[in-house]
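A structural walkthrough
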Amino acid sequence: MPVDIALYQPDIANNTGTLIRLGACLGTTIHIIHPTGFPFSAKALARAGLDYVDHAAVREHASWAQFNAWRHEAGRRLVLLTTKAEASVYTVTYGDNDILMVGRESAGVPDAVAEACDLLVRIPMRSGLRSINVALAATMVLGEAKRQTDGFTGLA
């Protein structure tokens, strides 16, 4: 199974649409953990996702509890991208069963959610700056995870 991306209660439709488009292009499933901070619909995502929404594998989860139970049952490792992590995204080893999760644009994830994750990683960046946009961060880390797991094999 290839590496997936999960969005924890996303706030911004454009970021969600961007990641759905990325998922469509790279064959990556995008998990949406509700509730979202916007009406989750094709219309809300149309601006960033364009016509890629129909080509994407999107799986919706009604809540964090439901998603977390599903991923445990499926044997998936959950990797949280967070500025609070010590480990760099470039010093860890990724596996095919990984799901890369980004938090809400406005607040990240609650401590209890972070504690439930199997691995916390951060993108090295200049000090004094808060964070990288979640869509860009997920894209950067997905690229590294797919590189490590031969996830680009079979793509034109």
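Our subject is the structure listed above.
The shown structure was predicted, so the numbers you read here are calculated from the model rather than taken from an experiment.

Looking at the overall build of the protein
If you tally the helices and strands in the protein, you get five helices and seven strands. Listing the helices and strands of the protein from first to last along the sequence gives β-α-β-α-β-α-β-β-β-α-β-α. On C-alpha atoms alone, the protein measures out to a radius of gyration of 14 Å, which is about the 15 Å that the 2.2 N^0.38 rule sets for 156 residues. Along the three orthogonal principal directions, the C-alpha set of the protein runs to about 40 × 35 × 35 Å. Within the protein, buried positions represent 46% of all 156 residues. If you take every contact in the protein between residues at least 6 apart in sequence, the share linking residues at least 24 apart comes to 75%. About 8,000 Å² of surface is accessible on the protein, with carbon and sulfur atoms providing 52% of the total. Between the centroid of the 14 positive side chains of the protein and the centroid of its 15 negative side chains there is a distance of 6 Å.

A short note on the layout of surface pockets
When its volume is computed, the largest pocket comes out at roughly 700 Å³. Considering the residues around the largest pocket, the lining is formed by 32 residues, among which Leu81, Thr82, Thr83, Gly108 and Ser131 are closest to the centre. Listed by contribution, the elements that provide at least two residues to the lining of the largest pocket are β4 (77-81), α4 (111-116), β7 (119-122) and α5 (134-148).

Brief notes about the pairing of β4
Burial runs high along β4: four of the five residues are buried. Bridge count for β4 against β7 is three bridges, and the pairing is parallel. What sits directly across from Val79, in β7, is Leu119.

Observations concerning the sheet that holds strand β3 (residues 58-61)
The strand order across the open sheet formed by seven strands is β3-β2-β1-β6-β4-β7-β5, and the pairing between neighbours is parallel. Each edge of the sheet is formed by a strand with only one pairing partner; in this case those strands are β3 and β5 (87-88). With two bridges connecting them, β5 and β7 associate as parallel partners. Counted as the bridge partner of Ser88 is Arg122 from β7.

Looking at the packing of aromatic side chains
What the rule picks out here adds up to four aromatic pairs. Measuring from centroid to centroid gives 5.9 Å for Trp64 and Phe67, while their planes differ by 40°, and the two rings are tilted. With Trp64 and Phe67 both in helix α3 (residues 64-73), this residue pair falls three residues apart, about one helical turn. We note that Trp64, like Phe67, is buried.

Details of the nonpolar core
Among the nonpolar cores identified, the biggest contains 27 residues, and Ile5, Tyr94, Leu100 and Val121 are the most heavily contacted of them. At the level of elements, β1 (4-8), α1 (13-26), β2 (30-33), β4, β6 (98-102), β7 and α5 are the ones that each hand at least two residues to this core. Here this core takes seven residues from α5, the largest share from any one element. Among residues more than four places away in sequence, those in contact with Leu100 are Val3, Asp4, Ile5, Ala6, Val79, Leu81, Tyr94, Val141, Leu142 and Ala145.

Reading guide: rules and limits
- Residues numbered from 1 in each chain as written.
- Predicted model: local features only at pLDDT ≥ 70, side-chain atom pairs only at ≥ 80, totals over all residues.
- Heavy atoms only, no water.
- Helix = DSSP H or I, 4+ residues; strand = E, 2+ residues; numbered from the N terminus.
- Rg over C-alpha atoms; globule rule 2.2 N^0.38 Å.
- Buried < 20%, exposed > 50% of the residue type's maximum accessible area, 1.4 Å probe, protein only.
- Contact = heavy atoms within 4.5 Å.
- Areas by Shrake-Rupley, 256 points an atom, 1.4 Å probe, with all protein chains shown as cover.
- Lys, Arg positive; Asp, Glu negative; His and termini not counted.
- Charge placed at Lys NZ, Arg CZ, Asp CG, Glu CD.
- 1 Å grid on protein atoms, 1.4 Å probe; cavity = no way out; pocket = protein on both sides within 12 Å on 5 of 7 lines; lining within 4 Å.
- Points joined across faces, edges and corners; volume = space filled by probe spheres on them.
- Pairing = 2+ DSSP bridges.
- Phe/Tyr/Trp six-rings, centres within 6.5 Å; stacked < 30°, edge-to-face > 60°.
- Core = buried A, V, L, I, M, F, W, Y, C linked by side-chain atoms within 4.5 Å.

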